[in-house]
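Descriptive analysis of the structure
Listed below are the residues making up each chain.
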Amino acid sequence: MATVHKINEDLVKERQKCTFNVQELTYLLDGGEEVTKERREFENILRNVKELQDEVPEVYLSHKERYENAVRKTCILQNVRNDFEKKREVLSPRNIFRAGYAVIKDVSPFFLHNGMFVPTIIGQGTPEQQAEWLPKAKAMAIIGTYAQTELGHGTFIRGLETTATYDAKTEEFILNSPKVTSYKWWPGGLGTTVNHCITVAQLYINGKKYGIHPFIVQIRDLETHKPLPGIKVGEIGPKMGFATANNGFLGFQNFRIPRKNMLMKNAQVLKDGTFVKGMNEKLTYGTMVMVRVNIVSDSAFHTAMAATIAVRYAAVRHQSQLKAKEPEVQIIDYLTQQHKLFIAIATSHAFSNTYTWLYQAYLKVVEDLGKQKQDHLPELHALSCCLKATSSRDAGVIVEQCRLACGGHGYMASSNLPIIYGYTTAAITYEGEHTVLLLQTARYLMKAWMSALEGKVLAPSVAYLVDWLKSDKQRWQNTPEVIVKGFQHVAAGKIKDAFDAIQKHVKAGKDYEDAWNLASVQLIKASEAHSRAILCDGYLRETVRTSSSVSPSLAKVLNHLVQLYIVYWTLETAGDLLVYSNIGKDDIAVLKEKYEELLALIRPNAVGLVDAFDISDEILQSTLGSYDGRVYERLMEEAMKSPLNKEPVNQSFHKYLKPFIKKAKL
Ligand SMILES: Cc1cc2nc3c(=O)[nH]c(=O)nc-3n(C[C@H](O)[C@H](O)[C@H](O)COP(=O)(O)OP(=O)(O)OC[C@H]3O[C@@H](n4cnc5c(N)ncnc54)[C@H](O)[C@@H]3O)c2cc1C
């Protein structure tokens, strides 16, 4: 049985100060008591699986050992999950996502299987293809990944160079990687784990190019796991993070796959080689949108992890004195520390709330698409692009801020903050590079602006453009509602400026594409401002909605957090508000005071708020952030696990250091 340690006294006191019911907030954040219970039950089972405990911490393992350990543990996790789901409901995706971190400190080599392989078969396979592949994929009789990016092209997918040439005689596609730049590069699990992948390739029929399409490709023998003839596959090597994700490369040489392996929900290739264009190419957006929506939720969780570690540590850590002769202060009592950390808590809430409404919007669009309706798809696509971009970027900044807030100990791998940063920052690039996604949203915003000028009715998320055109700027008030309007004014002003900049360049004789490039810094700023307005508006609306159904004490705390988020961003973007809204210097001065008041109001609840994220020690895996606050003891215990501490004198002393010292001339 695990030893139960005494809880650090500072944390005990912090928990006594808390003014709301922590459990109530946990249920709210999880989406209901049942979800929390399911999650805890599953995490508890995992906690008691002895084989999942590492004797040697992952960081001390070699690259190869670390990978092998990750595969071993992911298989156990999958078996535990299967047993659990046999007895009861299928686990919710968010709960399984969280539990994964209790098993592997970094990213699982199976990450892409459920993250992209299965969803792509669902999103882009015909009913017959789904019937053939899905049962095997869901049971993990086959393990897959999603191979799109190549050495030469990531963002520009039309430039992909892998070819799939149809051979009508044999009813097969022949896959080839004609150049080194056409090698697939990055797919998770591809290195040495998966036996299948979805490969995105340029389709050729009778010498004619038909654009990029997805194909299911078996790349390894199911018995021996050896690459099949014509396949060159391997691992791409160490990266900034993602140590166990097993990202790989893949090349084809005249590799043949049956015709039925092209995913044909959209376009089709008939037996005789006739190409049938899809009714709606936009259908393929569905999977992409879903994955981006999920990244908003992942960002909420990664931010919550970092906030939990840094807030608990700030409560336990004492450093310096505020006044001479007084005891050293808990660092959480420095206002600058609260400024670094409380926004982390509020940001996680903002992203959770955003995910809630965005996911509902996604479900509605999927339902509509089933009825051949796609009116809301462009809006959802634009929203998912900018919210993925902004949430992953903000999460990266916040995690790093939390690491810095932990001083030197935050730099320890055992704090887990460096690893959390590694996978949080990766999300800024994968599934659509940050700038590129902001520019995609900007395209939508430019069209929306044109429509607004023409007096057309706009989609709800950009309806503020019409209001902005109609009315004079509203009289400023320092209320959350008016501030949100202020953010909308900033977005509208920046959208107008970017639009005008493009027009100016076009009038000066530039092509539209060149004008676009010349205005692109303004375009991404417009997109960022739009994201911030959407985040603040959605977070405020969701908080108002949920506040009516929770206890008054919790509603009060939720209200403090949303206000903090809004005021924080007002002060961060005060320059923009001064340019584009009616805010005055005096209003900003009042808001600075308001911000300090909010920090003080949140202070007694800080530990309770991170406890409410309910992230178990097994998931946090942090010496600084554990529930019991045994920070120093854990740091020392982890240090003692270093292989360098297993022997009194390291052999390098005798081999190198001693001769070197002996030779020293005094
Ligand atoms: C950890 C990780 C995991 C990944 N997993 C997978 C996976 O499983 N499967 C897979 O297929 N891929 C995967 N990828 C690849 C990922 O999707 C690409 O790296 C990403 O789409 C960016 O493409 P790129 O690397 O070609 O960057 P580039 O597109 O070359 O970007 C480089 C720079 O050019 C800029 N740029 C590019 N195009 C434009 C433009 N039109 N306008 C303005 N600026 C532009 C970008 O903003 C960026 O600053 C992964 C990547 C990472 C980091």
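Residues numbered from 1 in each chain as written. Predicted model: local features only at pLDDT ≥ 70, side-chain atom pairs only at ≥ 80, totals over all residues. Heavy atoms only, no water.

1. What to know about unusual backbone geometry
Put simply, the test is: By definition, any uninterrupted DSSP run of H or I lasting at least four residues is a helix, any uninterrupted run of E lasting at least two residues is a strand, and each is numbered from the N terminus.
Within the chain, asparagine 254 stands out as a residue other than glycine whose phi angle is a positive 45 degrees. Considering the arrangement of structural elements, one finds asparagine 254 in the loop between β8 (248-252) and β9 (255-258). A positive phi is found at glutamine 372, a non-glycine position, where the angle reads about 60 degrees. Tracing the backbone shows glutamine 372 in the loop between α9 (335-370) and α10 (377-405).

2. Here we look at the packing of aromatic side chains
The geometry of two aromatic rings is summed up by the distance between their centres and the angle between their planes. We count it as follows: Note on aromatic pairs: the rings of Phe, Tyr and Trp (six-membered ring only in Trp) are paired at centre separations within 6.5 Å, and the planes decide the class, stacked below 30 degrees, edge-to-face beyond 60, tilted for the rest. Each residue gets one of three labels from its accessible area relative to the maximum for its type: buried under 20%, exposed over 50%, partly exposed in between, using a 1.4 Å probe on protein chains only. Working rule: Lys NZ or Arg CZ, within 6 Å of ring centre, within 35 degrees of ring normal, means a charge sits over the ring.
Taken as a whole and assessed by the stated rule, the structure comprises 20 aromatic pairs. With centroids separated by 5.0 Å and ring planes inclined at 70 degrees, the aromatic side chains of phenylalanine 173 and phenylalanine 215 adopt a geometry described as edge-to-face. With phenylalanine 173 in strand β3 (residues 172-176) and phenylalanine 215 in strand β6 (residues 208-218), the pair connects residues that are 42 residues apart, well separated along the chain. Here phenylalanine 173 and phenylalanine 215 have matching classes, each one buried. Aromatic pair tyrosine 355 and tyrosine 359: ring centres 5.5 Å apart, planes at 20 degrees, arrangement stacked. Of this pair, tyrosine 355 and tyrosine 359 are both found in helix α9, four residues apart, which corresponds to roughly one turn of the helix. Using a relative accessible area of 29% as the deciding quantity, one classes tyrosine 359 as partly exposed. The ring of tryptophan 133 is capped by lysine 136, whose NZ or CZ atom sits 5.1 Å from the centre of that ring.

3. Looking at the sheet that holds strand β7 (residues 231-235)
Put simply, the rule is: For two strands to be treated as a pair, DSSP must find no fewer than two bridges joining them.
A sheet is described by the order of its strands in space; here three strands give the open sequence β4-β8-β7, paired in antiparallel fashion. Of all the strands in the sheet, the pair left with one neighbour each is β4 (184-185) and β7. As judged from the five bridges shared by β7 and β8, these two strands associate in the antiparallel manner. Paired with lysine 232 across the two strands is glycine 251, which belongs to β8.

4. Concerning the UniProt feature "domain: Acyl-CoA oxidase C-terminal" (unreviewed entry) in the chain
Where we set the bar: UniProt positions are given in the numbering used here, feature names are shortened, and annotations may be inferred rather than shown by experiment.
With numbering matched to this structure, UniProt assigns "domain: Acyl-CoA oxidase C-terminal" (unreviewed entry) to residues 480-662. For residues 480-662, the end-to-end C-alpha separation is 71 Å, with 77% helix and 0% strand making up the annotated structure.

5. Side note on the environment of tryptophan 133
The condition is simple: Contacts are assigned to residue pairs that have any heavy atoms within 4.5 Å of one another.
Among the secondary structure elements, tryptophan 133 is positioned in helix α7 (residues 127-138). When the C-alpha positions of tryptophan 133 and glycine 32 are compared, they lie 33 Å apart, and in sequence the two are 101 residues distant. The residues touching tryptophan 133, leaving out its near neighbours within four places in the chain, are Ile121, Ile142, His196, Ile216, Lys260 and Asn261.

6. Brief notes about the site of the ligand
Selection criterion: Any residue with a heavy atom lying within 4 Å of a molecule or strand is counted as near it. Whenever a nitrogen or oxygen atom comes within 3.5 Å of another N or O atom, the pair is scored as a polar contact, on the condition that within protein one atom can donate a hydrogen and the other can accept it, and that pairs from neighbouring residues in sequence are kept only if both atoms are in side chains. Note on areas: Shrake-Rupley with a 1.4 Å probe; residue coverage comes only from the protein chains shown.
Around the ligand, the surrounding shell holds 20 residues, and the nearest of these are Tyr146, Gln148, Thr149, Thr155 and Glu433. Here threonine 155 contributes a side-chain N or O atom positioned 2.4 Å from an oxygen atom of the ligand. The fraction of the free accessible surface of the ligand (960 Å²) that becomes covered by protein chains is 63%. Contributions of two or more residues to the shell around the ligand are made by β1 (144-147) and α12 (434-453).

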